[in-house]
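Notes for the structure review
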Amino acid sequence: MQIAINGRTGDSEILKYFTQVTSLLKKHGIHILVSKNFGSYLTDISDNALEGTKVYEGRDDLRSTKFMISMGGDGTLLETVTHIGSLMTPILGINTGRLGFLASIPKENIEDAIDMLLSSQYSIENRSLLHMESESEIFGDQRFALNEIAITKKDTSSMIVVHTYIDGEYLNSYWSDGLIVATPTGSTGYSLSCGGPVVMPESKNFIITPISPHNLNVRPLVVSDNSVISFEIEGRAKNFLVSLDSRSFTVDDSIEMAVRRESFHCNLIKLEGINFLNTLRQKLNWGLDLRN
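Rules and cut-offs
- Residue indices follow the written sequence of each chain, beginning from 1 at its first position.
- Given that this is a predicted model, residues contribute local features only at a pLDDT of at least 70 and side-chain atom pairs are listed and counted only at 80 or more, while totals for whole chains, interfaces and linings are drawn from all residues.
- Side-chain figures throughout are based on the complete set of non-hydrogen atoms in the structure, without hydrogens or water.
- Note on exposure labels: buried denotes an accessible area under 20% of the residue type's maximum, exposed denotes more than 50%, and partly exposed covers the range between, all computed with a 1.4 Å probe on protein chains only.
- Put simply, DSSP H or I for four residues or longer makes a helix, DSSP E for two residues or longer makes a strand, and each gets a number counted from the N terminus.
- Only heavy atoms enter the contact rule, under which two residues are in contact if any of them lie within 4.5 Å.
- UniProt positions are given in the numbering used here, feature names are shortened, and annotations may be inferred rather than shown by experiment.

Within helix α3 (residues 74–84), 8 of the 11 residues are buried, which leaves the element mostly enclosed by the surrounding structure. Of the residues trailing α3, G85 is marked for its positive phi of about 55 degrees.

Looking at the element boundaries, S158 is found in the loop between β10 (148–153) and β11 (160–166). S158 sits in the buried class, given a relative accessible area of 18%. Every residue in contact with S158, bar those within four places of it in the chain, is listed here: K153 and R236.

Let's shift gears to the UniProt feature "binding site: NAD(+)" (unreviewed entry) in the protein. Sequence positions flagged by UniProt for "binding site: NAD(+)" (unreviewed entry) are, in local numbering, D74, G75, N147, E148, D177, T188, G189, Y190, S191, L192 and S193. An extended arrangement is adopted by the annotated residues: their sequence extent is 120 residues, and the largest C-alpha distance between any two is 24.3 Å. With respect to the helices, strands and loops of the structure, N147 is situated in the loop between β9 (144–145) and β10. A relative accessible area of 11% means that N147 is categorised as buried. If near-sequence neighbours (up to four positions away) are discounted, N147 is found in contact with L78, L102, L130, V181, A182, T183, T185, G186 and D245. Along the chain, the position of Y190 falls in helix α5 (residues 190–193).

See below:
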């Protein structure tokens, strides 16, 4: 069996957790691949960090990989999704970061998590992805996002106007700092901080959430993920920022974009005993009421 690992760089503490994971995998005879950037970072910390492993550089190197392990926070897991893309290799997220909605395995539970993974004590959650369509070449072959696509103002204090259409029908012109289209997975991310609703992961929806709208009667909207959402942007400034999860590009006001559901999805590994409702209560401190 072959398992690949991608991890967070810039945190020297991660070396001990990486060593723990690889030691457990080697005991079971697992072939281990490590992402190029993460491997370079670990080698800078310790010369023998990658002993007994190989480095992968691109998606083709992952075709025979059964599982992907993401070590870090949610940002690392979002990056890991871009490594896999249409291969849809199942991802186990180990949280060595902070909040961790997606990377839901605490670092203290690494040994139990690896044992459960290798003994098939898990299920697979299919998470929908967003796909961005545009005549522009931005984002190359990585035009997908697990959390959200965001259109935001750049280099100015002036608001922008995002003219928005659903399946070609005019919806609204959002006078705001920007607009988010989120998946159910992304409902607990940027969209939530802008007043969007929490949506169950298995829901077949998109969430359209304005960022600091000028009109107070404008509210987030939940639509079917069979919809195609398109945009035209204008503002005093001629440059805007378009983001797919943590990746972003500057575009001008000539760009036309549309968002739809991606043709493939992301597979997240859910270990027995871990579920979304428990994660919500833990991460958002729901239920911390003396009456409970």
